[in-house]
Amino acid sequence: MTNPKNSIADKKTIPSIYPTKTKLQVTVIFFVILALYLFSMKKTTEDMVNGLDGALGNMFRVLAKFFPPNFEILKAIWNPMLETIQMAIIATTIAAIITIPLAILSARNVTTFKPLYYITRIFLNLLRTIPDVVLAVVFVGLFGIGIFPGILALIIFSLGILAKLISETIESVDMNPLEAMRASGANTLQMIWYALVPQIAPQFTSLVLYVFEINIRASVILGLVGAGGIGLTLNQQINFYNYPNAMTIIIVIFITVIIIEYISTKLREALL
Amino acid sequence: MANLTLPPKPKNSLYKKTKTIIILILVAALYVWTFLSIDIDWARAMERAANNFHRVIPRLFDPDWSAMGDVSDKMFETVLIAFAGSVMAAILSIPLAFLAAKNMMGIFSVIGKWILSAIRAFPDIILAVLFVVAVGPTAFAGVLAIAIGSCGMLGKMFSEIIEQIDMDIVQAMQANGANRIQILFTAVFPQIIPEFLSYAIYRFEVDIRASSILGIVGAGGIGTMISFASSNRNWNEMGMILLAIIIVVSVIDFASAKIRSKIV
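Keep in mind that what you see is a predicted model, and the values were worked out from it rather than measured.

(A) The arrangement of the overall build of chain A in detail. From N to C terminus, chain A includes eleven helices and zero strands. Along its sequence from the N terminus, chain A presents helices and strands in the succession α-α-α-α-α-α-α-α-α-α-α. Going through the 272 residues of chain A one by one, you find that 47% of them count as buried. Put simply, of all contacts in chain A between residues at least 6 apart along the chain, 74% involve residues at least 24 apart. Per element, the accessible surface of chain A, about 14,000 Å² overall, is 69% carbon and sulfur.

See below:
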């Protein structure tokens, strides 16, 4: 993308800020990306019945079926929506508690025993690669349909993110208080409690709130695989081709997510 | 030791104290409400877990290698969906980012910021549900969902980058009589392109994860196999799928981190 734009500048005898070799590299990369893009577009659209033009023309006609949304069902979706928020609250709380030992173990400056640090790091990295919905599918298979597998999936999913963010916060703390305490004979637990905790408490709360936002979005969709909450209701309405009802649910999700993100952003601004 | 005294603690104002107390009461009320009204059927969940445990967990760790061909085909499709979606999102989000950047649009940037946060409030999979209805259950529905879903976050990041550029260069060019197009190409773009690319590549990482689940609602990719495997209770195949996701996501995360550290 860079190159064609820079070549416009070149014509006006302004010396280019990039050497020729870089420009050649960028051109090659640009065409590789373009080729890959065209290839993936071809691959992803090849099994469409009417081809791309038919589908795009059709799209607006079908999307019009979602309107006007049927607001009469608001009463019925109130409960699943609250259930979704409760799932996120419980999961975030439990994840925030479990994450503390994990985060300390995966912080380079506190865990000086290298093998332990690397094992926790690799474990957390693997945990983060599994999408939340896949976790929910496995837990639904294990515990049956309901909110319990959903909460478990959210806990595991947010644990990976939270532990990584908090361990990075721990790694960036001021080590002087900890060393001063060690010099005056404090043990490891005392060091963590009196020197580390006060330094990371505001960031910790802020990150937990951030993960709560992520969990709200995640819990909304877990119901699609049977793990409770509003997603379950949405899935039923889509399967019954009841699009106006589905649109109402989508609007409710949208508003809830916006409100919770607004509150959480304000709280985080006040904290930091 | 006797005459060593601690410095006096800072006095909290009444306002601050009441604020803390109110927040604490609100949080406590939230938890009481949550734990009282949540309804988990423990007996049933535990009974099912006891019955299913040996059927699910050992099989997950014993992947079905015969499904490797199908799984790698679908995983490849997942990567293609994520790639096409990310490229589309990167292109779509550039005009949106300029619209939302305060130093480019002035007061009108509020409109752009609202559009972007509205897009971000939709979870990807909800968009996929809409697009599956609209264009049919194909991989292209996934591409559209990824493209629209990603341009919310990319547009926000891009607009923050644009807001941080060195405006002196822009002003110097204005003073020399350059028109808006010239300013855009020679003063703005060179400053933002490396970071743009870095965020676009980062978003590709996120999109790989997102596109691997879109198939659950019928939008193509490996998610299709996830929903088949779970409804057939074929946990060996699920183990293979999980393995494929873990490997592909790790490899792409690693490669993308390397590329990004080179660009910026």
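(B) Molecular detail of helix α9 (residues 188-222) of chain A. All names here are of chain A. In this model α9 runs just 40 Å from its N-terminal to its C-terminal C-alpha over 35 residues, more than 12% under the 51 Å that 1.5 Å per residue would give. Along α9, the largest kink reaches about 55° and is centred on V197; proline P198 follows within four residues of it. Regarding α9, its N-cap is N187, as a side-chain oxygen of that residue lies 3.2 Å from the backbone nitrogen of L189 further along.

(C) Spotlight on the UniProt feature "domain: ABC transmembrane type-1" (unreviewed entry) in chain A. Per the UniProt entry, the sites bearing "domain: ABC transmembrane type-1" (unreviewed entry) are residues 81-264 of chain A in this numbering. Along residues 81-264 of chain A the backbone is 83% helical and 0% strand, and the end-to-end C-alpha distance reaches 18 Å.

(D) Structural context of the side chain of B:S150. All names here are of chain B. By the element assignment, S150 lies in helix α7 (residues 139-163). Its relative accessible area of 0% is what places S150 among the buried residues. Among the polar contacts listed, one links the side chain of S150 to the side chain of D207, at a separation of 2.9 Å. Other than its neighbours up to four places away in sequence, S150 contacts A89, R203 and D207.

(E) Main features of the UniProt feature "transmembrane region" (unreviewed entry) in chain B. Residue and element names in this part refer to chain B. The UniProt record marks residues 21-38, 79-101, 122-148, 181-201, 213-232 and 238-257 with the feature "transmembrane region" (unreviewed entry), using the residue numbering of this structure. In this annotation, residues 181-201 is assigned 100% helix and 0% strand; the end-to-end C-alpha distance for the span is 27 Å. Taken as a whole, residues 238-257 contains 100% helix and 0% strand, while its terminal C-alpha atoms sit 28 Å from one another.

(F) The arrangement of the pattern of salt bridges in detail. A complete count under the given rule lists eleven salt bridges over all chains for this structure. Note that A:R121 is salt-bridged to A:E171, the shortest N-O span being 3.8 Å. Of this pair, A:R121 sits in helix α5 (residues 114-129) while A:E171 is found in helix α7 (residues 147-171), placing the two residues 50 residues apart along the sequence. Using a relative accessible area of 25% as the deciding quantity, one classes A:E171 as partly exposed. Taking the shortest distance from any N to any O, the salt bridge between B:R260 and B:E205 comes out at 2.8 Å.

(G) Highlighting the UniProt feature "domain: ABC transmembrane type-1" (unreviewed entry) in chain B. Per the UniProt record, "domain: ABC transmembrane type-1" (unreviewed entry) is annotated on residues 75-256 of chain B. Annotated as residues 75-256 of chain B, this span is 86% helix and 0% strand, and its ends, taken at the C-alpha atoms, are 18 Å apart.

(H) Structural context of a nonpolar patch on the surface. Together, A:L24, A:V28, A:V32, A:L36, A:F39 and B:F76 make up an exposed nonpolar region whose accessible area comes to about 550 Å². Residue contributions to the nonpolar patch peak at five residues, all from helix α2 (residues 20-45) of chain A. Position of A:F39 among the secondary structure elements: in helix α2. We classify A:F39 as partly exposed; its relative accessible area is 36%.

(I) Local environment of the interface of chain A and chain B. Each partner contributes to the interface: chain A provides 64 residues, whereas chain B provides 67 residues. Contact between chain A and chain B buries roughly 5,700 Å² in total, counting both sides, with carbon and sulfur atoms accounting for 81%. Remark: the boundary between chain A and chain B carries zero salt bridges. At the surface where chain A touches chain B, the tally comes to three residue pairs in polar contact (both at pLDDT 80 or more). The biggest single contributor to the side of chain A that touches chain B is α2(A), with nine residues.

Cut-offs used in this document
Residues numbered from 1 in each chain as written. Chains lettered and ligands numbered in written order. Predicted model: local features only at pLDDT ≥ 70, side-chain atom pairs only at ≥ 80, totals over all residues. Heavy atoms only, no water. Helix = DSSP H or I, 4+ residues; strand = E, 2+ residues; numbered from the N terminus. Buried < 20%, exposed > 50% of the residue type's maximum accessible area, 1.4 Å probe, protein only. Contact = heavy atoms within 4.5 Å. Areas by Shrake-Rupley, 256 points an atom, 1.4 Å probe, with all protein chains shown as cover. Expected span 1.5 Å × (residues − 1). Bend = angle between axes of the 7 residues up to and from the residue. Polar contact = N/O pair within 3.5 Å; in protein donor to acceptor, adjacent residues only side chain to side chain. UniProt positions renumbered as here; feature names shortened; annotations may be inferred. Salt bridge = Lys/Arg side-chain N within 4 Å of Asp/Glu carboxyl O. Patch = residues over 30% accessible without salt bridge, like charges linked within 9 Å, V, L, I, M, F, W, Y side chains within 5 Å. Buried area = accessible area lost by both parts, 1.4 Å probe.

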